[in-house]
Amino acid sequence: MALASTPALLEALAIRVRRCLPLAVWQEVFERQRGCNVLFEEHHLTLLHADPEDPVTGPEAALLQQGLRALATSYHGKSDYSAAPSSLTLFRHPQRALRMATALRQRVQDMRFRVGIHTAPCHLGIFEAQDRHWVVVLGPERERAASLAWNAAAGAMAVCPASRRALGAPA
């Protein structure tokens, strides 16, 4: 569902983009375009937040992000690039998030992840910049998914009650 562009949503997106994406993206969207081409939508989504047990830096971090994004795409997920160095993937179906979480355990055997899966209505900022389509989750849902992951044991996943219900399991 499309949302009206409000100053609060635009400001939240500008802060997130400035803090977490390349400066050139922020400049294109908020200086050159003045935020005019930003769309805001609300969707009921399942967010998968994944953090490696041990911090990854340098070229290895970029390769890990690339691999996680490819894995997300293979499960019909959309990556929120503003989550780096963590991984935040948006899914329309919680089953696909669960499959990706399971694949993380099987495909990345030398690395363990803490995973949080959270299902809720989410506000999205959507825009084009640097010849790429960007989707950024705004609001508390991204923090709730991250909190689930941070509180999970390494190699495990934490699933919120709404996701459990959506998956057909008792909450």
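Remember, predicted model here, so these are calculated numbers, not experimental data. (Residues numbered from 1 in each chain as written. Predicted model: local features only at pLDDT ≥ 70, side-chain atom pairs only at ≥ 80, totals over all residues. Heavy atoms only, no water.)

## Details of the packing of aromatic side chains
Stated formally: To pair, rings of Phe, Tyr and Trp, with the six-membered ring standing in for Trp, must have centres within 6.5 Å; the planes then decide the type, stacked if under 30 degrees apart, edge-to-face if over 60, and tilted in the middle. Counting from the N terminus, the helices are DSSP H or I runs at least four residues long and the strands are E runs at least two residues long. As a reminder, the over-ring test applies to NZ of lysine and CZ of arginine, requiring each to be within 6 Å of the ring centre and within 35 degrees of the ring normal.
Applying the stated criterion across every chain yields a total of three aromatic pairs. A centroid spacing of 5.5 Å and a plane angle of 70° characterise the contact between tyrosine 81 and tryptophan 134, whose relative ring orientation is edge-to-face. Here tryptophan 134 lies in strand β6 (residues 132-138) and tyrosine 81 lies in the loop between β3 (78-79) and β4 (87-91), a separation of 53 residues in the sequence. Taken together, the ring pairs connect Tyr81, Phe127 and Trp134 into an aromatic cluster. Here the basic side chain of arginine 18 rests over the ring of tryptophan 26, its NZ or CZ set 4.4 Å away from the ring centre.

## Things to note about the pattern of salt bridges
Condition: Within this document, salt bridges are pairs made up of a side-chain nitrogen of Lys or Arg and a carboxyl oxygen of Asp or Glu, the two lying within 4 Å of each other. We call a residue buried when its accessible area falls under 20% of the maximum for its residue type, exposed when it is over 50%, and partly exposed in between, using a 1.4 Å probe and counting protein chains only.
Here the structure, examined in full by the defined rule, presents three salt bridges. Put simply, arginine 112 and glutamate 53 hold a salt bridge, and the shortest N to O gap is 3.1 Å. Of this pair, arginine 112 sits in the loop between α4 (94-107) and β5 (113-129) while glutamate 53 sits in the loop between β2 (39-52) and α3 (58-74), and the two are 59 residues apart along the sequence. Owing to a relative accessible area of 44%, arginine 112 belongs among the partly exposed residues under this scheme. When its relative accessible area of 31% is taken as the criterion, glutamate 53 is described as partly exposed. Where arginine 144 meets glutamate 141, a salt bridge forms, and the shortest distance between an N and an O atom there is 2.7 Å. Highlighted residues: arginine 144 and glutamate 141, both in helix α5 (residues 140-151), separated by three residues, approximately one helical turn. You can call arginine 144 partly exposed: its relative accessible area is 42%.

## Things to note about the pairing of β6
Regular strands have side chains that alternate between both faces of the sheet. The criterion, for reference: Strands qualify as paired when DSSP identifies two bridges or more between them.
Of all seven residues in β6, five are buried, a share of seventy percent or more. Pairing geometry for β5 and β6, over seven bridges, is antiparallel. Directly across from phenylalanine 127, in β6, lies its bridge partner tryptophan 134. Connecting β5 to the antiparallel partner β6 that follows it, the hairpin turn spans two residues, and glutamine 130 within it adopts a positive phi of roughly 55°.

## Topic: the nonpolar core
One broad rule of soluble globular proteins: the nonpolar side chains tend to lie buried together. Note the cut-off: Take the buried residues of types Ala, Val, Leu, Ile, Met, Phe, Trp, Tyr and Cys, join any two whose side-chain atoms come within 4.5 Å, and each joined set is a nonpolar core. What makes two residues a contact is simply this: any of their non-hydrogen atoms within 4.5 Å.
Core analysis: the largest hydrophobic core is formed by 19 residues, its most contacted members being Leu48, Met100, Leu104, Phe113, Val115 and Ile117. Only β2, α3, α4 and β5 provide two or more residues apiece to this core. Ignoring anything within four residues of it in the chain, the contact list for isoleucine 117 reads Thr46, Leu47, Leu48, Ala97, Leu98, Ala101, Leu148, Met157, Ala158, Val159, Cys160 and Ser163. In this structure, Val25, Val29, Ala129 and Leu138 belong to the second largest nonpolar core, which totals 16 residues.

## Some points on the pairing of β5
Taking burial as the measure, the 17 residues of β5 include 13 buried ones, the bulk of the element. As defined by bridge partners, β2 adjoins β5 across 14 bridges and the pair is classed as antiparallel. Residue glutamate 42 lies in a different strand from β5, and its bridge partner there is histidine 123. The sheet contact formed by β5 and strand β7 (residues 157-159) spans three bridges and is parallel. Within β7, the residue paired with isoleucine 117 across the bridge is valine 159.

## Observations regarding the environment of arginine 132
Examined against the element boundaries, arginine 132 turns out to sit in strand β6. Placed 30 residues apart in sequence, arginine 132 and threonine 102 show a C-alpha to C-alpha distance of 29 Å. Once you skip the residues sitting within four places of it in the chain, arginine 132 turns out to touch Tyr81 and Phe127.

## Here we look at helix α1 (residues 7-20)
To keep things clear, this is the line we draw: One less than the number of residues in a helix, times 1.5 Å, gives the span that helix is expected to have. Each direction from the helix axis to a C-beta atom contributes to the arc, which is the arc of those directions.
With 14 residues, α1 ought to run about 20 Å at 1.5 Å a step, and its terminal C-alpha atoms sit 20 Å apart, in line with that. Listed as buried for α1 are Leu9, Leu13, Ala14, Arg16 and Val17. Along the axis of α1, the buried residues cluster in a sector spanning 170°; they form a single face. Among the exposed residues of α1, those oriented more than 90 degrees off its buried face are Pro7, Ala8, Glu11 and Arg19. Packing partners of the buried residues in α1 comprise β1 (2-3), α2 (23-32), β2, β5, β6 and α5.

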